[in-house]
Amino acid sequence: MRFSLFVHMERWDEEVSHRQLFENLSELALMAESGGFGTVWIGEHHAMEYTISPSPMPLLAHLAAKTSTIRLGAGTVIAPFWHPLRVAGECALLDVISNGRMEVGLARGAYQFEFDRLAGGLPAADGGKHLRELVPAVRALWQGDYAHDGEIWQFPTSTSVPKPVQQPTPPMWIAARDPASHDFAVAQGCNVMVTPLMKGDEEVVDLKRKFDTAVANHPEVPRPDLMVLRHTHVHSPDEPDGWRPAAEAINRFYRTFDAWFGNKTTPQNGFLPPSPESKFEGRPEFQPESLRKTAMIGTPAEVVERLRSYEELGVDEYSFWIDNSMSHEEKRKSLELFIKEVMPAFQ
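Residues numbered from 1 in each chain as written. Predicted model: local features only at pLDDT ≥ 70, side-chain atom pairs only at ≥ 80, totals over all residues. Heavy atoms only, no water.

**Student:** Kindly report on a nonpolar patch on the surface, identifying the contributing residues and their values.
**Tutor:** A contiguous nonpolar patch, built from L93, V96, I97 and V165 and spanning about 310 Å² of accessible area, is present on the exposed surface. With respect to the secondary-structure elements, V165 resides in the loop between strand 6 (154–158) and strand 7 (172–175). (Patch = residues over 30% accessible without salt bridge, like charges linked within 9 Å, V, L, I, M, F, W, Y side chains within 5 Å. Areas by Shrake-Rupley, 256 points an atom, 1.4 Å probe, with all protein chains shown as cover. Salt bridge = Lys/Arg side-chain N within 4 Å of Asp/Glu carboxyl O. Helix = DSSP H or I, 4+ residues; strand = E, 2+ residues; numbered from the N terminus.)

In structure tokens form, the structure reads like this:
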């Protein structure tokens, strides 16, 4: 099982500048490369300070110039906010810049807040049709001349310029949850990225079952890879309560996610306070004691034990989701422990 880093600039108040956050992200990515991570992933989100990435492409192009081995994942590109020609061309250009290290994840999108501002109020739940039309169009544009006459996009004969270095195409990933999205991804020959969010490892088993079903339903397609993405924090065994700051920070992260996802309050200058803890009194999955068990929080030995079960389950890539509202210093310390004391168990 290989490892990747899933990272964004995240800003919780105005005391830290965007430039400092950029430097922090770069430092974590360089640490990941030197530590043996296979890929660094950066997603796409708009107008929200707690997940800053209006496009992953400039950040990944910067990292391409700073690195030499780590692969560079745009994860994920939100299909309804793009055009097939832009996805194909920008991803191919990143592949050229990085000399064949680009990977792209594609998703339907989740935040109605973003759809109200970038997609004319299209219901976020309807983004799947854009994803299903986008994926084969991008692949065709990478191959050569292609005209598209779809439900959403129509354009005359065109092609991706430049072409990607990786042939026939760079790796493509689909963010999947329900059986239909797993089936679509596998049928298209795409790898699958999943996250159990606040659910326990039984959810990982269930997501793997959906993936396996899709693979079995498409014997004509070589088995793609499966990635599991989880909030991760490693603390020293000398700190028996080291789990608590991480669990409380992830609780804050998910309450903030809830506020943005709920789309009930107008943000102020890109900030939205977390939903109040009182809202989740009947939701035990939000409690730090629960998050301690569901998020990948623990000492190196505890994390190795859990990750070993993922490897035995057949997970191909584990992605260390480092966004969690903690300070850069805490993130760096956790990543160092993971590199030094967790990863050697899998090499």
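**Student:** I'd love a proper account of helix 8 (residues 243–262), names of residues and values included.
**Tutor:** Relative to the 28 Å expected for 20 residues at 1.5 Å per residue, helix 8 spans 28 Å between its end C-alpha atoms, a close match to the ideal helical length. Looking one or two residues past helix 8, N263 carries a phi angle of roughly 60 degrees, positive in sign. (Expected span 1.5 Å × (residues − 1).)

**Student:** Tell me about the layout of surface pockets, residues and numbers included.
**Tutor:** Taken as a whole, the largest pocket holds about 1200 Å³ of empty space. Elements represented by at least two residues in the lining of the largest pocket include exactly strand 3 (71–78), helix 5 (128–143), strand 7, helix 6 (179–187), strand 8 (191–194), strand 9 (226–234) and helix 8. In terms of residues, the lining of the largest pocket owes the most to one element, helix 8, which gives four residues. Taken together, the residues of the lining of the largest pocket sort by class into 24 nonpolar, 10 polar and seven charged. What the second largest pocket holds in volume is close to 360 Å³. Lining the second largest pocket we find 20 residues, and of these E10, V16, L21, N24 and H328 sit closest to its centre. Mapped by element, the contributors of at least two residues to the lining of the second largest pocket are helix 1 (18–35) and helix 11 (328–342). If you tally residues by element for the lining of the second largest pocket, the top one is helix 1, at five residues. Here the lining of the second largest pocket is composed, by residue class, of eight nonpolar, six polar and six charged. (1 Å grid on protein atoms, 1.4 Å probe; cavity = no way out; pocket = protein on both sides within 12 Å on 5 of 7 lines; lining within 4 Å. Points joined across faces, edges and corners; volume = space filled by probe spheres on them. Nonpolar A, V, L, I, M, F, W, Y, C, P; charged D, E, K, R; others polar.)

**Student:** Got a sec to walk through the pattern of salt bridges? Specific residues and values, please.
**Tutor:** One pass over the structure, following the stated rule, counts 23 salt bridges. Ionic pairing is found between D225 and R2, a salt bridge with its closest N-O pair at 2.7 Å. Placement of D225 in the loop between helix 7 (201–217) and strand 9 and of R2 in strand 1 (residues 2–6) is noted, with a sequence separation of 223 residues between them. Its salt-bridge partner being E49, residue R11 comes within 3.0 Å of it at the nearest N-O pair. Of this pair, R11 sits in the loop between strand 1 and helix 1 while E49 sits in the loop between strand 2 (39–42) and helix 2 (56–66), and the two are 38 residues apart along the sequence.

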